[in-house]
Amino acid sequence: MSLLLRNRGTMLLLMLNIFLVFTGIGLVVPIMPTYMNELHITGSTVGLLVAAFSLTQLLFSPYAGRLSDSLGRKKIIVAGMIVFALSEWIFGIAVSPVLLFLARMLGGVGAALIMPAVMAYAADVTTNEERAKGMGLINAAITTGFIIGPGIGGYLAEFGIRVPFFAAAVAGAVAAVITLFILPESRTAEQRASAGAVVAKKQSLLTQLLNSGKERYFFNLIIVFVLAFGLANYETVFGLFVDHKFGFTPTDIAFIITFGSIAGAVVQLTIFGWILNRFGERRVIAICLLIAGLFVTLTLFVSSYWLIVTVTFIVFLSIDILRPAVGTQLSKMAGEQQGYVAGLNSAYTSLGNIAGPIVAGALFDLDINYPYAAAAIVLILCFVLSLKAKSLQGIQVPLDAPKKVEQANL
């Protein structure tokens, strides 16, 4: 019996935790316009709110990844869920932009603790052949959270604009308790002790980022950054873009997001593992980057409702395949440093998510088309980088890992 089948209950609990986190993040989508009106904040401020989340995620992700190696995945996941619950509660009581920023920054800390630990845990309980399926399940939970979050937020907002955030806080706290008592630790005491010695030597964020440049997966991390930057440009202003340019209603926006996200979740739950095993991470990443870049460009030229729906659907679907493909590829290259590499993945994603929303918000205030033009350029550039990384990685992968070499070069 495979490791994945033996750990079905564990994977379900991991998926529950990550699902709740991203449901909480998605809650803000239908409510943010009301907050913008009540607190008189601009598109640039919305971009800065997203960037604030990513900034704290950046600062804490490498440490969280290392700590999950040395202290254990379970402790870090529980701590992250508690911080997440606190951030949602503060967002619910916020009466000023200052409190919104505080809530988002705490949310970034929670995400920094949870994401690397969950990804590393999934790697611990899957074989190399099962890795794609395991990562697909985790990302399906993320995607489903994004699907359900806006809907739950809109429904609960009928009882009060702040009710959704209080509900998310309670759900996060309950999940933390369940995880504390049910989730087993995936690493032995010897593994944690060995990783602890390494943590003591590398605690500086700057040092970790600089040292990542010497690793054979560095080019993959650069792709992670460029990808996150381009996607953040697209996603940050999506609702504002279709509202201002096409007059889409909240229902229209919810339909497009939900339709695309459901398709992504279905792919991740069903054929994602087969796709990666059949074509290889590198080829899937390159193709999805190219498709995303081309269809983001098309967004600037289409005008009819169903053409917009179709183009946006394809963009979201390619994004939903890209994210777990990149995570799977890095996980296979991480070896015994699953938490560390997952932390770096999260950190480079955060760097892109910091720069992307700030640029997108500023460009949107200049011209509503500029953020998407920038996103298209960056995604095409990322496609070119992925081709470059393919040629370099074949040289850098160790010779004693022929199977990984074959997979990396597909």
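Residues numbered from 1 in each chain as written. Predicted model: local features only at pLDDT ≥ 70, side-chain atom pairs only at ≥ 80, totals over all residues. Heavy atoms only, no water.

Trainee: Just to check I follow, could you spell out the overall build of the chain for this structure?
Mentor: When you go through the chain residue by residue, the secondary structure sums to 19 helices and 0 strands. Relative to its full complement of 410 residues, the chain shows a buried share of 56%. For the chain, the share of sequence-separated contacts (at least 6 apart) that also reach a separation of at least 24 residues comes to 86%. Summing over all exposed atoms, the chain offers an accessible surface of approximately 16600 Å²; the carbon and sulfur share of this is 72%. (Helix = DSSP H or I, 4+ residues; strand = E, 2+ residues; numbered from the N terminus. Buried < 20%, exposed > 50% of the residue type's maximum accessible area, 1.4 Å probe, protein only. Contact = heavy atoms within 4.5 Å. Areas by Shrake-Rupley, 256 points an atom, 1.4 Å probe, with all protein chains shown as cover.)

Trainee: What's the story with the environment of Asp 243 in this structure? I'm lost.
Mentor: Along the polypeptide, Asp 243 turns up in helix α12 (residues 238-246). Of the residues examined, Asp 243 reaches a relative accessible area of 38% and is grouped as partly exposed. For Asp 243 and Ile 253, which are 10 residues apart along the polypeptide, the C-alpha to C-alpha distance reads 8.3 Å.

Trainee: Explain the side chain of Thr 10 to me, please; I cannot follow it from the model alone.
Mentor: Looking at where Thr 10 falls in the secondary structure, it is placed in helix α2 (residues 8-26). In this view, Thr 10 contacts Tyr 121, Leu 183 and Pro 184; residues no more than four positions away in its chain are not counted.

Trainee: What am I meant to see in the nonpolar core here?
Mentor: If you look at soluble globular proteins, the nonpolar side chains tend to sit buried side by side. In this structure, Tyr 217, Leu 227, Tyr 234, Phe 238, Leu 289 and Val 296 are the most contacted members of the largest nonpolar core, which totals 61 residues. Broken down by element, the residue count for this core peaks at 13 residues, all from helix α16 (residues 305-334). Among the nonpolar cores identified, the runner-up in size contains 39 residues, and Leu 13, Ile 25, Met 81 and Ile 114 belong to it. (Core = buried A, V, L, I, M, F, W, Y, C linked by side-chain atoms within 4.5 Å.)

Trainee: What am I meant to see in the packing of helix α5 (residues 73-93) against helix α8 (residues 163-182) here?
Mentor: Describing two packed helices takes the angle between their axes plus the distance from one axis to the other. In contact at an axis separation of 7 Å, α5 and α8 are set at 165° when each is read in the N-to-C sense. Taken together, the axis directions place α5 and α8 in an arrangement best described as roughly antiparallel. As α5 packs across α8, the resulting crossing turns out to be left-handed. Where α5 abuts α8, its residues Lys 74, Ile 77, Val 78, Met 81, Ile 82, Phe 84, Ala 85, Glu 88, Trp 89, Phe 91, Gly 92 and Ile 93 lie against Phe 165, Phe 166, Ala 168, Ala 169, Gly 172, Ala 173, Ala 175, Ala 176, Thr 179 and Leu 180. Here the residues of the contact of α5 with α8 sort into 17 nonpolar, 3 polar and 2 charged. (Axes fitted to C-alpha atoms, helices over the stretch in contact; angles between N-to-C directions. Parallel < 35°, antiparallel > 145°, perpendicular 65-115°, else oblique. Left-handed = near helix turned anticlockwise from the far one by under 90°. Nonpolar A, V, L, I, M, F, W, Y, C, P; charged D, E, K, R; others polar.)

Trainee: Even after reading the chapter, I still don't get the confidence of the model for the chain, so can you show me in this structure?
Mentor: It should be kept in mind that the predicted coordinates are not to be read in detail where pLDDT is low. On average, residues of the chain carry a pLDDT of 77, and 83% of them reach 70 or more. Per-element confidence in the chain ranges from a low mean pLDDT of 32 for helix α19 (residues 402-408) to a high of 91 for α5. Low pLDDT, under 50, characterises residues 391-410; the stretch is placed with 23 contacts to residues that sit more than four places away or in other chains. (pLDDT = per-residue confidence, 0-100.)

Trainee: Please explain the packing of aromatic side chains as it appears in this structure.
Mentor: In this description, a pair of aromatic rings is defined by centroid distance and the angle of the planes. Taken as a whole and assessed by the stated rule, the structure comprises 3 aromatic pairs. Summarising the aromatic geometry, the rings of Trp 89 and Phe 166 are spaced 4.7 Å apart at their centres and angled 50° between planes, so their arrangement reads as tilted. Taken together, the residues span a long stretch of sequence, with Trp 89 in helix α5 and Phe 166 in helix α8 at a distance of 77 residues. According to the relative accessible area criterion, Trp 89 is partly exposed, its value standing at 42%. (Phe/Tyr/Trp six-rings, centres within 6.5 Å; stacked < 30°, edge-to-face > 60°.)

Trainee: How should I be thinking about helix α14 (residues 272-279) in this particular structure?
Mentor: One full turn of an α-helix is made of 3.6 residues, so residues set three or four places apart face in the same direction. Taken together, the buried positions of α14 are occupied by Phe 272, Gly 273, Ile 275 and Leu 276. Projected down its long axis, α14 carries its buried residues within an arc of 160°, all on one side. Once α14 finishes, Gly 280 follows within two positions and takes phi at roughly 90°, a positive value. (Arc of directions from axis to C-beta.)

Trainee: Looking at this structure, how should I read the side chain of Thr 299?
Mentor: You can see Thr 299 is positioned in helix α15 (residues 281-299). Excluding residues within four positions of it along the chain, Thr 299 makes contact with Tyr 234, Phe 241, Lys 245, Phe 246, Val 311 and Tyr 372.

Trainee: Please explain the packing of α15 against α16 as it appears in this structure.
Mentor: Between α15 and α16, the least distance of the axes is 8 Å, while the angle of their chain directions is 150°. Regarding the angle of α15 to α16, the classification is roughly antiparallel. Of the two elements, α15 crosses α16, and the hand of that crossing is left-handed. Facing α15, whose interface residues are Glu 281, Arg 282, Val 284, Ile 285, Cys 288, Leu 289, Ile 291, Ala 292, Phe 295, Val 296, Leu 298 and Thr 299, α16 presents Val 311, Ile 314, Val 315, Ser 318, Ile 321, Leu 322, Ala 325, Val 326, Thr 328, Gln 329 and Lys 332. Across the contact of α15 with α16, the residue classes tally to 16 nonpolar, 4 polar and 3 charged.

Trainee: Mind showing me how you'd approach a nonpolar patch on the surface here?
Mentor: Together, Val 170, Val 174, Val 177, Ile 178, Leu 180, Phe 181 and Ile 182 make up a nonpolar patch on the protein surface, roughly 660 Å² of accessible area in all. Its location among the elements puts Leu 180 in helix α8. Leu 180 gets classed as partly exposed once you look at its relative accessible area, which sits at 42%. (Patch = residues over 30% accessible without salt bridge, like charges linked within 9 Å, V, L, I, M, F, W, Y side chains within 5 Å. Salt bridge = Lys/Arg side-chain N within 4 Å of Asp/Glu carboxyl O.)

Trainee: Please clarify how the environment of Leu 67 should be interpreted in this entry.
Mentor: Examined against the element boundaries, Leu 67 turns out to sit in helix α4 (residues 43-70). The sequence separation of Leu 67 and Ala 117 amounts to 50 residues, and the corresponding C-alpha distance is 8.8 Å. Discounting chain neighbours no more than four positions away, the residues touching Leu 67 are Gly 72 and Ile 76.

Trainee: I keep staring at the environment of Ile 354 and nothing clicks. Help me out?
Mentor: Mapped onto the fold, Ile 354 is located in helix α17 (residues 338-366). Distance in space between the C-alpha atoms of Ile 354 and Leu 49 is 9.5 Å, their sequence separation being 305 residues. With residues near it in sequence (within four places) discarded, Ile 354 still touches Ala 51, Ser 54, Leu 55 and Leu 58.

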